[in-house]
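Analysis of the macromolecular model
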Amino acid sequence: MIQAFGLTSNPRKELPPAADDVSFEARAGRITALLGAPGAGKTTVLRLMLELQQGRGITHFRGRPLHRIAHPSREVGVLLGDVPGHPARTVRGHLRMLCAAAGVPVRRADEVLEAVGLVSLRDERLGTLSRGMDRRLGLACVLLADPHTLVLDDPADGLSARESAWLHGMLRAHAAQGGTVLFTTADPKGVARTADRVVTLEQGRLVADQEAAEFSRTRLRPRVAVRSPHAARLAVLLAKQARTAQRSVEVVREGGNRLSVYGGTCADIGEIAFRHGIVVHQLADEIGDMGPGAGLAQASGPRDRSLVEAGRVTDTHGTTFAPRPGVPAPSLDPSRPFATDPKADTSEPRPPLEPRSPSDVPELATAEPSPFSGNPAVVATEPLPTPEPRSRPEALEPVADEPSLSFGQPQLPDAEPQELSDGSPASHSSNGPPAATAPSLPRGPRLTGARTARTLDALPPLPPPISVRPAPSPLRPLRYEIRRAAGIGTGFLTAAVVLAVSAVTAVVLARIGHTPQPRLLAAWPQELPLPPAALGAGLLGALAFGDEFRHPALAADRGTVPRRLGLLAAKLLVSSATALVLAVLTIGCDAEVLYLVYGRELAQVPADWFPLSASWIGLVVGCAWAGVLAAGVFRSTTAGLAAVAAVPLLVVPVVHKLVNGPSVRTAAGLPMRLREALLPRWPFGGERYLEAAFNVISQPVGGALTLSLTALLCAYLLTTLRSRLR
């Protein structure tokens, strides 16, 4: 069950808030729809509910706000927009990756694929899916953790009728199992067929909260669409026929040669047109949408009933012409399309209005806005009895069946009796003189001071502010990162290119000569700042976070990636393993190629292979880490690769200048003293490995890389702590 109270977005510059004090409920076992035109605030309400946007209000999912739920994906399934997966990843691989993030068994991916009908497309790439298949995949991602509540933003947008019917059938099946379903839409006809309860929004405000049957009765109404070159004459004939048969029929002139007939049938309209020789170009049954305000003002009393007792012709320009029994009307004229034939009138003539004293002249009231004409200024020409003064007018009953909790709205004092102003404009008939107006009713005393003060003291507190919190970390980050890296071919393609470039470079350097054997095996010419293997490892490390920001599968609703230490540790570990494999394969492939081309002489193992191997592995792994940290800090793959290239080009010269620059004192003998202090006798010769690590760091590139990694790690931790403090 969802309970939303006082959802209000922050006001925009010179614009009202997109959502203003929206409160509603979505019960378990039922489908609730948020209905509104584009720009009505539907998506903003969802983002406020899910704590994705700052504002005020509170939303409970089965009694708890979202930030107090330990595993939100297992409670609320969210689909806002398209599936943001990598286009080169397969459908099954994408779901298996999300299984690790949600902490569910991997077999769940095959189960949801079968449920949404994508088993035959499980090996297809995400970039090749159609709109309907992409929606099916999005629903599969939502159902992966088996949540109780589904929140979807316009899930049927752009789908065919068949795909929409399938989607709504899936939502109905979830609700039948006791789940809660909330979705947004802009189609009132579709929502009447699929939802159990309809919450209507208009300009950020809740205007109706109704059951689907009540919504259909008050807002949707069957009509017959008619298109004819003689629409004006046909409208008069239909109204005349309805009055004769005493049927409730309303004919609305939509403009041009189009009519909308409410209360009639295609057969009746066609027969009338045939008998009078009127050409009809279109005659079709439709469902008319009466607008978001329909149903708020319910018809009550003889005034409202009199508007639909007999045939009525309504012009969209704002005037309703009701044929009056016994009143002569001019003959049909093209300039006056709604004139009626006086011969058709057989009832008693209505006595004309006579001037009376101001005390007993009834007011010609202005009718309520007509939902059919599309114009609120519809004038009824029937006199209405003067309303009796009351001490307290009856309040309009809200459309919602249950009261909603509203925060921050001042409780106004009780309304005074309605005043009828003398200066209000009177209603006019089509050609008659202006009608008289009723005098003002006596005004009672108004005790506003004490009542207002008492009301302000009793104002409810404002709803709590909504804080945007970062997305949770994957429950199994290491498994998630392995499936993410192995699910696309970018890593394998990068490794193949690195091995090929390294082999060609090694052969060329051996042919030129004057290159030491260690650099020859690493394919590292002195003219390049880094060897191809180090650049490839840095690129793979930058892609680890760059692809996350480009295709945020972890936080599809937030459009960003959670900066969690567990996720960072998993990415560093996987990138280290990838860089280690790449470094070993590069040396092995270069040695094998040199042996095949030039013989055994250039493929021999150097005598000091251990420190050289440590330096080589440290360089490649350090470049991979630099790419991971830089891409995580700057949210870009390009920035991660640039940070890797900046180490030898910018950081190494700076470090070299600082170390070798002029100084008063020198650190002569520092390596020996560090060895005595930090390298005591370790069991099993462990000091050798520490000495190799210090040798790597003492080199210019090693020191610069260590300094860069330290700075990037501190920047990453700083940004993580800053987001948590916010």
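In what follows, the structure referred to is the one given above.
Residues numbered from 1 in each chain as written. Predicted model: local features only at pLDDT ≥ 70, side-chain atom pairs only at ≥ 80, totals over all residues. Heavy atoms only, no water.

**Focus: empty space enclosed by the protein**
As enumerated under the stated definition, the model contains four cavities of 30 Å³ or more in all. In this model, the largest cavity occupies a volume close to 70 Å³. Every residue along the wall of the largest cavity is listed here: His86, Arg89, Met97, Tyr480, Arg484, Asp547, Glu548, His551 and Ala553. Of all the secondary-structure elements, those providing two or more residues to the lining of the largest cavity are helix H12 (477-486) and helix H15 (532-550). In terms of residue class, the lining of the largest cavity is built from three nonpolar, two polar and four charged. (1 Å grid on protein atoms, 1.4 Å probe; cavity = no way out; pocket = protein on both sides within 12 Å on 5 of 7 lines; lining within 4 Å. Points joined across faces, edges and corners; volume = space filled by probe spheres on them. Helix = DSSP H or I, 4+ residues; strand = E, 2+ residues; numbered from the N terminus. Nonpolar A, V, L, I, M, F, W, Y, C, P; charged D, E, K, R; others polar.)

**Digging into helix H5 (residues 161-176)**
Since there are 3.6 residues in each turn of an α-helix, residues three or four apart along the chain are aligned in direction. With 16 residues, H5 should reach 22 Å at 1.5 Å per residue; the first-to-last C-alpha distance of 22 Å fits that figure. Buried residues along H5 sit against strand S3 (31-35), helix H3 (107-116), helix H4 (131-143), strand S6 (149-153), strand S7 (180-185) and helix H6 (188-194). In the stretch just after H5, Gly178 is the one whose phi turns positive, near 100°. (Expected span 1.5 Å × (residues − 1). Contact = heavy atoms within 4.5 Å.)

**Examining the pairing of strand S1 (residues 2-9)**
Burial analysis of S1 places six of its eight residues in the buried class, which makes it a mostly covered element. Relative to strand S4 (residues 55-61), S1 runs antiparallel, the two being bridged by six bridges. Residue pairing across strands places Ile2 opposite Phe61, the latter belonging to S4. Bridge count between S1 and strand S2 (residues 22-26): four bridges; the pairing is antiparallel. (Buried < 20%, exposed > 50% of the residue type's maximum accessible area, 1.4 Å probe, protein only. Pairing = 2+ DSSP bridges.)

**Some points on a nonpolar patch on the surface**
A contiguous nonpolar surface patch, about 390 Å² in accessible area, is contributed by Tyr595, Leu596, Val597 and Tyr598. Secondary-structure assignment places Leu596 in helix H16 (residues 565-598). (Patch = residues over 30% accessible without salt bridge, like charges linked within 9 Å, V, L, I, M, F, W, Y side chains within 5 Å. Areas by Shrake-Rupley, 256 points an atom, 1.4 Å probe, with all protein chains shown as cover. Salt bridge = Lys/Arg side-chain N within 4 Å of Asp/Glu carboxyl O.)

**Looking at the nonpolar core**
Judged by nonpolar contacts, the single largest core of 83 residues is most densely connected at Leu137, Leu152, Val181, Phe183, Val191 and Phe545. The biggest single contributor to this core is helix H17 (residues 609-634), with twelve residues. Ignoring sequence-local partners within four residues, the contact set of Leu137 consists of Val83, Val91, Leu95, Leu118, Leu126 and Leu129. Formed by 25 residues, the second largest nonpolar core is a distinct cluster that contains Ile2, Val22, Ala26 and Leu182. (Core = buried A, V, L, I, M, F, W, Y, C linked by side-chain atoms within 4.5 Å.)

**Points about the sheet that holds strand S9 (residues 205-211)**
Pairing within the open sheet is mixed, and its six strands lie in the order S5-S6-S7-S3-S8-S9. Every interior strand has two partners, whereas the edge strands, strand S5 (76-80) and S9, have only one. Ignoring which end each strand starts from, the neighbouring axes of this sheet average 15° apart. The sheet contact formed by S6 and S7 spans four bridges and is parallel. Directly across from Leu152, in S7, lies its bridge partner Phe183. (Axes fitted to C-alpha atoms, helices over the stretch in contact; angles between N-to-C directions.)

**Some remarks on the environment of Val207**
Along the chain, Val207 turns up in strand S9. The class of Val207 is buried, set by a relative accessible area of 18%.

**Some details on the packing of aromatic side chains**
Taken as a whole and assessed by the stated rule, the structure comprises three aromatic pairs. Note on Phe545 and Tyr716: the rings are 6.0 Å apart at their centroids and 40° apart in plane angle, and the pair reads as tilted. You can see Phe545 sitting in helix H15 and its partner Tyr716 sitting in helix H21 (residues 700-725), a full 171 residues away along the chain. Judged by relative accessible area, Phe545 falls into the buried class, the value being 1%. Each ring, one from Trp609 and one from Phe610, has its centre 5.9 Å from the other, and the planes form 90°; the classification is edge-to-face. (Phe/Tyr/Trp six-rings, centres within 6.5 Å; stacked < 30°, edge-to-face > 60°.)

**Comments concerning the packing of H15 against H17**
Their axes nearest at 7 Å, the elements H15 and H17 cross at an angle of 25°. By the angle between their directions, the pair H15 and H17 is classed as roughly parallel. Crossing hand, H15 versus H17: right-handed. Along its contact with H15, which presents Ala533, Ala534, Ala537, Gly538, Gly541, Ala542, Ala544, Phe545, Gly546 and Phe549, the element H17 presents Trp616, Leu619, Val620, Cys623, Ala624, Gly627, Val628, Ala631 and Gly632. In terms of residue class, the contact of H15 with H17 is made up of 14 nonpolar, five polar and no charged. (Parallel < 35°, antiparallel > 145°, perpendicular 65-115°, else oblique. Left-handed = near helix turned anticlockwise from the far one by under 90°.)

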